[in-house]
Amino acid sequence: MDLVNLFVKSIFIENMIFAYFLGMCSYLAVSKTVKTAVGLGAAVIFVLVITVPINYLIDNYLLQEGALSWLGAEYASIDLSFLSYIMFIAVIASMVQLVEMVVEKFSPALYGSLGIFLPLIAVNCSILGGSLFMQQKDFSGITEAGVYGLGSGVGWFLAILAIAAIREKIAYSNVPAPLKGLGITFIITGLMAIGFMSFMGIKLGGDEQKEENTTALNIQTEDAENDEKTAQISSIKN
Amino acid sequence: MSEQKKDIKTKEEKKKEEMIFFLSKSEEKEAFLSKANRKLLTDPLDDNNPITVQVLGICSALAITVQLKPAIVMTVAVIFVMAMGNVVISLLRNLIPNRIRIIVQLVVVASLVIVVDQVLKAFLYDVSKQLSIFIGLIITNCIIMGRLEAFALGNKPWKSFLDGVGNAAGYGVILIIVAFFRELLGSGKLLGFEVLGHKGLTLADSTGLYALGYENNGFFLLSPMALIVVGLVIWYQRSRNRKLIEEN
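Residues numbered from 1 in each chain as written. Chains lettered and ligands numbered in written order. Predicted model: local features only at pLDDT ≥ 70, side-chain atom pairs only at ≥ 80, totals over all residues. Heavy atoms only, no water.

## Focus on the overall build of chain A
Counting secondary structure elements, chain A contains ten helices and zero strands. In sequence order, the secondary structure elements of chain A are arranged as α-α-α-α-α-α-α-α-α-α. Residue burial in chain A is summarised as follows: out of 238 residues, 52% are buried. Here the contacts in chain A between residues at least 6 apart in sequence split such that 76% fall between residues at least 24 apart. As displayed, chain A offers around 10,600 Å² of accessible surface, 65% of which is attributable to carbon and sulfur atoms. (Helix = DSSP H or I, 4+ residues; strand = E, 2+ residues; numbered from the N terminus. Buried < 20%, exposed > 50% of the residue type's maximum accessible area, 1.4 Å probe, protein only. Contact = heavy atoms within 4.5 Å. Areas by Shrake-Rupley, 256 points an atom, 1.4 Å probe, with all protein chains shown as cover.)

Written out as structure tokens, the structure is:
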């Protein structure tokens, strides 16, 4: 049940695009037609499902403080977590290369449709973002990490599919010239993100334990709110 | 008429740049800040802005613009990473095998980002907490990869340095504009100072605009408004600079 919660949450509530803006570059660049959008979306799901669990293992058995204790007691105090960026990105880049080679060998048809998108994915922020959020969230097992990867991938896929469909239609409408293309896409994405915010009100079972895992955005808005509150309190005191 | 001339001129210059890109080895010696070099610095600020024209590096640009301070810190971090990364890759450009160049680029950028991350953690801990994973995401910031790929791999170190600084500054300009409006309209502050007056619990307590009944628009603190503000910035920029308008 917890896994289902995590899955739904990572698709809708913590949508990579609409809540965190991760992978925006390829989202904007490759969303001109539905067909290419589906190709890129599928590739993102694929790579996220593979890399998040692998990075979970690396984080838990190599990088975190005390993670190396399986080598012997004297290694227990080593903390390599500052290396996590370079390890994660190396894993992602090499996995992308590997996946590309495997797909090319065994499924030329799939390679034909995904081919050009795979190298792009190495620099898609949502892939590295998935691994970094995984590190923040302290998942209890590799299954959770895998489900999280799948969920974020599906969320990204849905987002790019939706915007590609809208952009195909909007080509026929009369948009003010300076807004054409990029400008209107930004504004539509903003409106879609407002729509997706309505999912934030959904309470899911696992929420109570995970409350401390507040994410970047929440922290920022809360900070701003706190600032206001403290300002109000200090004004009362005065 | 003069505008048209300008247009033709920039086209010629672009062609020249392309030529330089392809013929990097037969490049003639230039002054340190010759015209072409200055163009490398100023072009990304408007005509070739990474965010609004090249559509690169948007991920991090949107998420950290709630307040001005993180946006400025991020700009500085990106300028550092990008200038250094461009120089390093440009120095290595004849040694990197073509097939593994992406991994090499990622490793160079990742090491620079680790340096930035550790420095921020040491000296600006609260900002580094606010930026959370977005410092890490500089690694996959598409502007950096894009410029390494398109410029540093084919140009000399000094030119690459200028290109890096210029593009990072173009990115930073948009970041700071967006953060300015979001912080001003969202929480009525700039860099933490209450520029619109002080908001008390009641009207009588308040000063400045708040005394007139002004309210903060909390919506600007939420993520969707970042997208819309960038959209409006693009609208403004393109209606002023009409050669950037897209066909569709």
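## Quick look at the nonpolar core
With 124 residues, the main nonpolar core has Leu22, Met24 and Tyr27 of chain A together with Ile135 of chain B as its most contacted residues. Tallying contributions element by element places helix α4 (residues 84-106) of chain A first for this core, with eleven residues. Every residue in contact with Ile135 of chain B, bar those within four places of it in the chain, is listed here: Tyr85 of chain A together with Met74, Ala77, Val113, Val116, Asp117 and Leu120 of chain B. (Core = buried A, V, L, I, M, F, W, Y, C linked by side-chain atoms within 4.5 Å.)

## With respect to the UniProt feature "transmembrane region" (unreviewed entry) in chain A
All names here are of chain A. According to UniProt, the "transmembrane region" (unreviewed entry) feature falls on residues 6-30, 37-58, 78-99, 111-133, 145-166 and 178-202. Taken end to end, residues 37-58 comprises 100% helix and 0% strand; its first and last C-alpha atoms sit 31 Å apart. A helix fraction of 73% and a strand fraction of 0% characterise residues 78-99, whose end C-alpha atoms lie 32 Å from each other. (UniProt positions renumbered as here; feature names shortened; annotations may be inferred.)

## Quick look at the packing of helix α5 (residues 101-123) of chain B against helix α8 (residues 142-150) of chain B
Angle between the axes and distance between the axes are the two parameters that describe a pair of packed helices. Residue and element names in this part refer to chain B. Two elements in contact, α5 and α8, have axes whose closest approach is 11 Å; the angle formed by their N-to-C orientations is 125°. In terms of axis orientation, α5 runs oblique to α8. Between α5 and α8 the crossing geometry is right-handed. Along its contact with α5, which presents Arg101, Ile102, Gln105, Leu106 and Val109, the element α8 presents Ile144, Met145, Leu148 and Glu149. (Axes fitted to C-alpha atoms, helices over the stretch in contact; angles between N-to-C directions. Parallel < 35°, antiparallel > 145°, perpendicular 65-115°, else oblique. Left-handed = near helix turned anticlockwise from the far one by under 90°.)

## Focus: the side chain of Ser84 of chain A
Residues and elements named next belong to chain A. Mapped onto the elements of the fold, Ser84 is located in helix α4. For Ser84, the side chain forms a polar contact with the side chain of Gln135, separated by 3.5 Å. Residues within four places of Ser84 in sequence aside, it is in contact with Leu63 and Gln135. (Polar contact = N/O pair within 3.5 Å; in protein donor to acceptor, adjacent residues only side chain to side chain.)

## Thoughts on the interface of chain B and chain A
Residue-level contacts link 62 residues of chain B with 53 residues of chain A. For the pairing of chain B and chain A, the buried interface totals around 5,100 Å² over both sides, and the portion due to carbon and sulfur atoms is 75%. Looking at the side of chain B facing chain A, the largest losses of area belong to Cys59, Ile133 and Leu227 of chain B, adding up to 12% of the total buried there. On the surface where chain B and chain A come into contact, there are zero salt bridges. At the boundary of chain B and chain A, one finds zero residue pairs in polar contact (both at pLDDT 80 or more). Secondary-structure elements contributing two or more residues to the side of chain B that touches chain A are α3 (58-63), α5, α7 (133-136), α8, α9 (157-187) and α10 (223-240) of chain B. With twelve residues, the top contributor of residues to the side of chain B that touches chain A is α10 of chain B. Considering only residue class, the side of chain B that touches chain A consists of 35 nonpolar, 18 polar and nine charged. (Buried area = accessible area lost by both parts, 1.4 Å probe. Salt bridge = Lys/Arg side-chain N within 4 Å of Asp/Glu carboxyl O. Nonpolar A, V, L, I, M, F, W, Y, C, P; charged D, E, K, R; others polar.)

## Observations concerning the pattern of salt bridges
All names here are of chain A. Evaluated as defined, the whole model comprises four salt bridges over all chains. The residue Lys9 makes a salt bridge to Glu14 at a minimum N-O spacing of 3.9 Å. A relative accessible area of 16% means that Lys9 is categorised as buried. By relative accessible area, which is 12% here, Glu14 ends up buried. A salt bridge links Lys137 to Glu14, with the nearest nitrogen and oxygen atoms 2.7 Å apart. Here Glu14 lies in the loop between α1 (2-13) and α2 (24-29) and Lys137 lies in helix α7 (residues 125-137), a separation of 123 residues in the sequence. Glu14 carries the same exposure label as Lys137, and that label is buried. If you follow the salt bridges from partner to partner, you end up with Lys9, Glu14 and Lys137 in one network.

## What to know about helix α2 (residues 35-42) of chain B
Buried residues of α2 of chain B: Asn37, Lys39 and Leu40 of chain B, and no others. Looking down the long axis of α2 of chain B, one finds its buried residues gathered within 155° of arc, a one-sided arrangement. (Arc of directions from axis to C-beta.)

## Notes on a nonpolar patch on the surface
Residues and elements named next belong to chain A. A cluster of nonpolar side chains, contributed by Leu57, Tyr61, Leu62, Trp70, Leu71, Tyr75, Ile78 and Ile142, occupies part of the molecular surface with about 730 Å² of accessible area. Tracing the backbone shows Trp70 in the loop between α3 (34-63) and α4. The exposure class of Trp70 is exposed, given its relative accessible area of 54%. (Patch = residues over 30% accessible without salt bridge, like charges linked within 9 Å, V, L, I, M, F, W, Y side chains within 5 Å.)

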